[in-house]
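Structural overview
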Amino acid sequence: MASGLGFALLALMLLSPTVAFVPIGVESSTHISITGKALLQKVTETCQSLAVAAGHEFKPTGSSPEEVVQACLGPTATGQVSSVKFHSALQEIYTQNGLVDRNFVNSAPHHFNSETFLEGRNLITEGMASIKANVRSENFKAARETLGRILHTLQDFYSHSNWVELGYTEPYVALIRRDLTLENLADIDTATCSDCKTGTCPNPILQNILNMKKLTSGYMGIFSAEKPQGKCSHGGQADLTSTAVPRGGINKDERRSDNVAYHNAAVNAAILASVQLLEDIRLTVGNKDFLRLMGIARSSVVCFVIDNTASMGDDIDEARKVVYKIIDSKKGTQDEPSEYILVTFNDPSFGPLFRTTDPEKMKMEISKIEATGGGDLPEMCLSGLQLALTGSPASSQIYVFTDANPKDIHLKNTIVALIRSTKSTVSFYLTPNRRRRRRSGRAVSFADYRDLALASGGHAILVSKSQLAEATDVILDTSTSALVTVYQRTRDPGNPETFPFVLDESLQNVTIYITGSSIAFTLTNPAGMSQSNTEIGGVLAIIQTVGNLRRILIKENKQPGSWKISINSKQPYTIKVTGQSTITFIYDFVESFKGPHPGYAVINGLPQAGQPATMILSVMGRKGPSSISVENVGLVVPDTGVETNGTANDMGNGDILVTVDAVPAGEFVVVLKGTDKMSNSVLQRQSTTQLTVSKVNIQAMVDRSIEPGENFNQSFSVMTQGPSGTFSISGKNDRDFPMLYPLSLSLTTGVYTNGTLIITPPSDTPSGTDVTVTLEVKSSNNVDSNYAVLRLSVLTKITDFFQPLCEVVNVFADDCPQDMSQCKFFEWELSANLTDGNGTGIDIISLRQGNGTLSYTSLSAKIIQANYNASCCSQIVEFVAIDEVGNVGKCYHSIERSAGNAVSSPSWLPLGLCLLITTWAVKP
């Protein structure tokens, strides 16, 4: 690996040593291992490259994810930074990788089975084009999901084909380049394998196939034993063709005593191939966006959804002040937002979504908002919120400003599904407008906003317009890189109750929020010291009351240990305790599946009722997962406090498989309790998103991108464990693209029923656009429902698969001295002509290696003239040219002398190849 650290982070992020090419599961997984090694190698190289460019070293203080992320983001930023987005991004990629074995188990091209080499390559190259277009449009989640799927297909080539049996150790570069020919493929009539009576022969490939270097792969039959005569089988118990002569199989998925060498060779080749694919993507999108794709960014994303009707002038002014304050006060710290997002709405319009990483652009955009129009009360609030939820990264903090009811209340279930899918937290700043209420003749009710806030773990803050400035302090609290929730409960109706919670030593800026009316409380620390709500500046905390919000900021000299707060109120209220800490966790509910490669798949929607709930949970500590001792993981109902403990199986490296036999009734959250080994202090953490269970299960997985103007068929399957009957289907998407789908399905208990959704993006939809589709299934009595959230990518059909080319015209380096101690007094030059042939045209030219100056003529010219000048001390230059669709050409040139000669590489090279030509160009 590239890092001198040996990148010990790898051991923290991956499962134990691998034995099989299988998806997510308790057993170790080569697919996860291969993907993780490749991703982490590229992350390390990219961080090092950015550090060199910035003039500092990439030197993590340790090997934990938190320390690596902080080092990658730069040594000058102060404050804590969480690695949770890095973990989450990797998990999204791993999840989609594993799902290929469940959702496309019988699709030969997804696994390079049955000699489907062209079809498999098409999946990979189309996926790469989609990823590049998505990243350019900053649709990182869609890009990660596609990346996981195509990496699985690429990796399977090395296990399912005879590539390593042919003696190849390097990746097959033609699999990621459509401009190269897939050569020497065995045709349908060519026998490829000998009969293996025992079923486990080390190498049953026929000798003439090996001699001729013919490429083949095993045939796989899940439902049939038929295969062409003389062809190899995939092998294994699930492959029915393995019993047909020639028997046996050639897959190298599992490490067995008879195939250790081939299995290891397949793993190594798959790692190298994954690195090669990632490098192509990195060259196209650039280092910074590649790291954003990997989740290497400060966790804080500021997202505002603002009602811009006429009555909202004061609210808009306050939102503008908050944005300015965040930008100005957090600049240069780890709390400086990594991205700013803004969505406006009124009636009948909403959007578009504005996003930027540039704080000055955010200032300019929010300064443009004008409060105009309105009159009737309801506004398109939920449509604006839907756009924000689909456009923001997962686990975002979203702040909504409005003074009116939602007109689009029909989107409420869709919003809840998106909240649960993204695990984002939504807080509402509600300022009822009496004049608008009189004009509409209707009272303003914010019950729906309160429901959505509770579902996400956010706040519904009800204040007058004059109080709004004080209430927005919560935004400054929560727009932080390392925000964690320690404790959260809701009560409706309210009653006197004492709430215990634990504060550990790592927590900073601990804040308690209580929303509700007629609230009295007493806060008590571990030493027994107390403070009531009437003591605004007491011994334990500073208390701020504004509208229905109580903000209790614990003083910095807080005492770790068991705290409690006693609340006395008969009105509904919520309590939430938050702080800043790098100790946290992420989780996903999963379900097991069978097949050739059984494992666990992340559930898209709610976990199943009537059976144990299973989740995979990953723990993050200040020095990695080894610095945390997990004592208990369970589910708790915020409304009642009822807690159900789970059975935890430590999978190693911070990954825990948790099974909860009796899932509590109602909505629940995940709670973790343990000990921080660094301080020996007890800790607790809680998820914010409220979930429940359902007897309905809906499965759907995206396979490919959508073409503008073309119908796209997305299949899905629905099953109920409850009574049979007719279930209604509803579908929505955030782009308002036309959709067709069955309005109902007749379900039989325990049997999946298939359906098809057809979506058609307009012909002028830009390439790289993503669209989020939410499918909801509901029983006829509305008692039970579930949902699936799918992210589709729009990609204009690509016909240009050829890399840019260049011709080196001159290299003037004869003045460079043999004595390198004198090199700084001399310079060398290179000139080249760059072309894209009949392609889409060169879009970007950038310097990748070298400390000189690269200049070039207009990119619109048919032949672009490039010139490079550098000190003789900098003897290597490498620059890349990227065309409009993301094809990458890479040029490398060296003037290093060896025994009086210079070594150069004066032509564009296919990615992954190296050409050295001994020439020395001198001035005439």
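Residues numbered from 1 in each chain as written. Predicted model: local features only at pLDDT ≥ 70, side-chain atom pairs only at ≥ 80, totals over all residues. Heavy atoms only, no water.

1. Focus: the packing of aromatic side chains
The full count for this structure, using the stated rule, is 19 aromatic pairs. Cluster of aromatic residues (ring-pair linked, three or more members): F112, F117, F157, Y158, W163, Y168 and Y172. K213 extends its terminal NZ or CZ atom over the ring of Y168, reaching a point 5.0 Å from the ring centre. Its guanidinium or amino end placed over the ring of Y587, K423 lies 4.8 Å from that ring's centre, counting from NZ or CZ. (Phe/Tyr/Trp six-rings, centres within 6.5 Å; stacked < 30°, edge-to-face > 60°. Lys NZ or Arg CZ within 6 Å of the ring centre and 35° of its normal.)

2. Overview of helix α10 (residues 313–330)
Across its 18 residues, α10 extends 26 Å between first and last C-alpha, which sits within 8% of the 26 Å expected from 1.5 Å per residue. The elements touched by buried residues of α10 are β1 (301–307), β2 (339–345), α11 (359–367), β4 (397–402), α16 (468–471) and α17 (473–478). Immediately downstream of α10, the backbone of G332 shows phi near 85 degrees, a positive value. (Helix = DSSP H or I, 4+ residues; strand = E, 2+ residues; numbered from the N terminus. Expected span 1.5 Å × (residues − 1). Contact = heavy atoms within 4.5 Å.)

3. Some remarks on the packing of helix α5 (residues 117–136) against helix α6 (residues 140–160)
Packed helix pairs are specified by the crossing angle of their axes together with the interaxial distance, meaning the distance between the axes. Remark: α5 packs on α6, axes separated minimally by 9 Å, with the N-to-C direction vectors making an angle of 155 degrees. In terms of axis orientation, α5 runs roughly antiparallel to α6. For the pair α5 and α6, the crossing hand works out as left-handed. Facing α5, whose interface residues are F117, G120, L123, I124, G127, M128, S130, I131, N134 and V135, α6 presents F140, A142, A143, T146, L147, I150, T153, L154 and F157. Here the residues of the contact of α5 with α6 are counted per class, giving 13 nonpolar, 6 polar and no charged. (Axes fitted to C-alpha atoms, helices over the stretch in contact; angles between N-to-C directions. Parallel < 35°, antiparallel > 145°, perpendicular 65-115°, else oblique. Left-handed = near helix turned anticlockwise from the far one by under 90°. Nonpolar A, V, L, I, M, F, W, Y, C, P; charged D, E, K, R; others polar.)

4. A word on helix α15 (residues 447–456)
Of all the positions in α15, only Y449, L452, A453, L454, A455 and S456 are classed as buried. Just downstream of α15 lies G457, where phi reads positive at about 85 degrees. (Buried < 20%, exposed > 50% of the residue type's maximum accessible area, 1.4 Å probe, protein only.)

5. Regarding empty space enclosed by the protein
This model, assessed by the stated rule, comprises 8 cavities of 30 Å³ or more. Estimated volume of the second largest cavity: approximately 190 Å³. Mapped by element, the contributors of at least two residues to the lining of the second largest cavity are α5, α6 and β32 (785–793). Sorting elements by how many residues they give to the lining of the second largest cavity places α6 first, with 5 residues. Across the lining of the second largest cavity, the residue classes break down as 4 nonpolar, 7 polar and 5 charged. (1 Å grid on protein atoms, 1.4 Å probe; cavity = no way out; pocket = protein on both sides within 12 Å on 5 of 7 lines; lining within 4 Å. Points joined across faces, edges and corners; volume = space filled by probe spheres on them.)

6. Regarding the pairing of strand β39 (residues 888–894)
Where burial is concerned, most of β39 is hidden: 6 out of the 7 residues are buried. Bridging between strand β38 (residues 876–883) and β39 involves 7 bridges; their strand directions are antiparallel. The residue bridging V880 from the neighbouring strand is K890, located in β39. Hairpin connection, β38 to β39: the antiparallel pair is bridged by 4 residues, and G886 has positive phi, about 100 degrees. (Pairing = 2+ DSSP bridges.)

7. Thoughts on the state of the cysteines
Summed over all chains, the structure comprises 5 disulfides. Sulfur-sulfur distance for the disulfide between C193 and C232 comes to 2.0 Å. Judged by the torsion about the S-S bond (95 degrees), the C193/C232 disulfide is right-handed. Here C193, found in the loop between α6 and α7 (207–211), pairs with C232, found in the loop between α7 and α8 (260–285); they are 39 residues apart in sequence, far enough to count as distant. Note on C193: relative accessible area 10%, which makes it buried. Linked covalently through their sulfurs, C823 and C873 form a disulfide whose S-S length is 1.9 Å. Since a negative S-S torsion denotes a left-handed disulfide, the C823-C873 link at about 95 degrees is right-handed. Placement of C823 in the loop between β33 (805–812) and β34 (827–835) and of C873 in the loop between β37 (864–871) and β38 is noted, with a sequence separation of 50 residues between them. A relative accessible area of 38% places C873 in the partly exposed class. Distance from the sulfur of C303, which forms no disulfide, to the nearest cysteine sulfur (C381) is 12 Å. (Disulfide = S-S within 2.5 Å.)

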